[in-house]
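# Structural features, examined
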Amino acid sequence: MGSTFNGLIGLIILALDIWAIINVIKSGAGTGAKILWVLLIIFLPVLGLVIWAIAGPRGNVRI
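Source: prediction; values computed, not measured.

Reading guide: rules and limits
- Residues numbered from 1 in each chain as written.
- Predicted model: local features only at pLDDT ≥ 70, side-chain atom pairs only at ≥ 80, totals over all residues.
- Heavy atoms only, no water.
- Helix = DSSP H or I, 4+ residues; strand = E, 2+ residues; numbered from the N terminus.
- Buried < 20%, exposed > 50% of the residue type's maximum accessible area, 1.4 Å probe, protein only.
- Polar contact = N/O pair within 3.5 Å; in protein donor to acceptor, adjacent residues only side chain to side chain.
- Phe/Tyr/Trp six-rings, centres within 6.5 Å; stacked < 30°, edge-to-face > 60°.

Relative to the helices and strands, Ser27 resides in the loop between α1 (2-26) and α2 (31-43). Residue Ser27 is classed as buried on the basis of its relative accessible area of 6%. Of note is the side chain of Ser27, whose polar atom sits 2.7 Å from the backbone oxygen of Val24.

Given below as structure tokens:
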């Protein structure tokens, strides 16, 4: 049961990270800032997602 729950949490984090990366790419930020944000989200998936949600650039992506 625990491994199924952990796998589900991992998939949710992966989906949110992909959504955040798409938002960063679609944003009006400069190329260097976009690269830094994407690298932060990739290398620190949970913490990077939280930092991006608080201070990151937003794009016009609708789900």
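Picking up where we left off.
On to the environment of Ala53. Here Ala53 is to be found in helix α3 (residues 45-55). Spatially, the C-alpha atoms of Ala53 and Asn23 are 11 Å apart, while their sequence positions differ by 30 residues.

What follows concerns the packing of aromatic side chains. According to the stated counting rule, one finds 1 aromatic pair in the structure shown. Ring geometry for Trp19 and Trp52: centres 5.5 Å apart, planes at 85°, overall edge-to-face. A residue pair is termed long-range when its members are at least 10 positions apart, and Trp19 in helix α1 and Trp52 in helix α3 qualify at 33 residues. Assessed through its relative accessible area of 32%, Trp19 is described here as partly exposed.

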